[in-house]
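Fold and geometry: a report
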Amino acid sequence: MRSPDSSSPKPAPGGAAVATALPGARAPAPVPTFEITLRVNRKSHTLAVEPRVTLLDLLRERLGLTGTKKGCNYGECGACTVHLDGRAVNACMVLAVQADGREVTTIEGLAEGDRLHPVQQAFVEHDALQCGFCTPGQIMSAVACIEEGHAGSEAEIREWMSGNLCRCSAYPQIVEAVKAAAAAMRKGARRKAG
Ligand code: FES
Ligand code: FES
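Note that the structure is a prediction, hence the values are computed from the model and not measured.

Criteria and thresholds
Residues numbered from 1 in each chain as written. Chains lettered and ligands numbered in written order. Predicted model: local features only at pLDDT ≥ 70, side-chain atom pairs only at ≥ 80, totals over all residues. Helix = DSSP H or I, 4+ residues; strand = E, 2+ residues; numbered from the N terminus. Buried ≥ 20, exposed ≤ 12 C-beta atoms within 10 Å, placed from the backbone. Contact = placed C-beta atoms within 7 Å. Pairing = 2+ DSSP bridges. Axes fitted to C-alpha atoms, helices over the stretch in contact; angles between N-to-C directions. Parallel < 35°, antiparallel > 145°, perpendicular 65-115°, else oblique. Left-handed = near helix turned anticlockwise from the far one by under 90°. Nonpolar A, V, L, I, M, F, W, Y, C, P; charged D, E, K, R; others polar.

Side note on the overall build of the protein chain
Secondary structure assignment for the protein chain yields five helices and six strands. Along its sequence from the N terminus, the protein chain presents helices and strands in the succession β-β-β-α-β-β-β-α-α-α-α. In the protein chain, which comprises 194 residues, the share counted as buried stands at 37%. At a minimum sequence separation of 6, the contacts of the protein chain that also span at least 24 residues come to 58%.

Here's the deal with unusual backbone geometry
Positive phi is not limited to glycine here, since N73 has a value of about 60 degrees. Along the chain, N73 turns up in the loop between helix 1 (55–62) and strand 4 (81–84). Although it is not a glycine, D85 sits at a positive phi angle of roughly 50 degrees. Mapped onto the elements, D85 comes out in the loop between strand 4 and strand 5 (87–90).

Considering the pairing of strand 5
Pairing between strand 4 and strand 5: four bridges, direction antiparallel. Of the residues in strand 5, the one forming a bridge with V82 is V89.

Quick word on the packing of helix 2 (residues 118–125) against helix 5 (residues 171–193)
The N-to-C vectors of helix 2 and helix 5 enclose an angle of 140 degrees; their axes lie 8 Å apart at closest approach. By the angle class used here, helix 2 and helix 5 are oblique. Helix-helix and strand crossings are classified by hand; for helix 2 and helix 5 the assignment is right-handed. Contact with helix 2, carried on its side by P118, V119, A122 and F123, involves A177, A180, A181, A184, M185 and G188 of helix 5 and no other residues of that element. Split into classes, the residues belonging to the contact of helix 2 with helix 5 amount to nine nonpolar, one polar and no charged.

A closer look at the packing of helix 3 (residues 135–147) against helix 5
Where helix 3 contacts helix 5, the axes come no closer than 10 Å and their chain directions differ by 45 degrees. The orientation of helix 3 with respect to helix 5, classified from their angle, is oblique. Pair helix 3 / helix 5 crosses with right-handed handedness. Across from Q138, A142, C145 and I146 in helix 3, the residues of helix 5 making contact are I174, V178, A181, A182 and M185. Looking at the contact of helix 3 with helix 5, its residues break down into eight nonpolar, one polar and no charged.

Observations regarding the environment of C80
Mapping C80 onto the fold places it in the loop between helix 1 and strand 4. With 29 C-beta atoms counted inside 10 Å, the residue C80 sits in the buried group. Here the alpha-carbon distance between C80 and A91, two residues 11 residues apart in the chain, equals 5.4 Å. Once residues within four sequence positions are removed from consideration, C80 is found in contact with L56, T68, K69, K70, G71, N90, A91, C92 and G137.

Some points on the environment of M93
Locating M93 in the fold gives a position in the loop between strand 5 and strand 6 (103–105). Separated by 18 residues in the primary sequence, M93 and G75 have C-alpha atoms spaced 5.9 Å apart.

Digging into the environment of H83
Within the secondary structure, H83 is located in strand 4. Counting along the chain gives 22 residues from H83 to T105, while the straight-line C-alpha distance between them is 5.0 Å.

Points about helix 2
Those residues of helix 2 that sit buried are P118, V119, Q120, A122 and F123. Looking at the residues trailing helix 2, positive phi occurs at D127, about 55 degrees.

Focus on the pairing of strand 2 (residues 31–40)
Direction of pairing for strand 2 relative to strand 3 (residues 43–49): antiparallel, over a ladder of seven bridges. Its bridge partner being in strand 3, F34 is matched across the sheet by V49. Across two bridges, the pairing between strand 2 and strand 6 is parallel. Bridged to V40 within strand 6 is V104.

Structure, rendered in structure tokens:
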């Protein structure tokens, strides 16, 4: 399972007080917040967050990056896959404070301008989606699968991508897309090398 390293963000000055719900009830303790700074898609953000907030909710609700999907919110489906310091993680299983000082890449940060990442291109060309809900997570996992050298065979791709569920069962096309993207990326790397 993909999990992040721990980090030590600083407490933010003050914390949001939660409104008293019932007349006469004792006011709840203020919720502490922590100031974190992280880079998301090559852009730096400093935010105060409650310690319970997940990276997934921070991306979607605070930064408006809704390409990362919330499926199970339980580490089971892979719909929320992003890269944390270049490694694929389930963003619903990472606390935002654990991303302090780190580099996050989401599906929105993969293309370079109008040029799709080779994995995105391959998903389009191989029709590797139906409803598309799982697709951002599939693509982020596929990029890591290829970059970390786990796309050597169909069996290896299936094994590495097994944490990404597709309710539309587009698995055959997804595997074809990953194979094609891996070949394209190897070719691109050889061209760059010389
Ligand atoms: S939403 Fe994170 S694994 Fe399902
Ligand atoms: S394309 Fe619909 S869930 Fe995968």
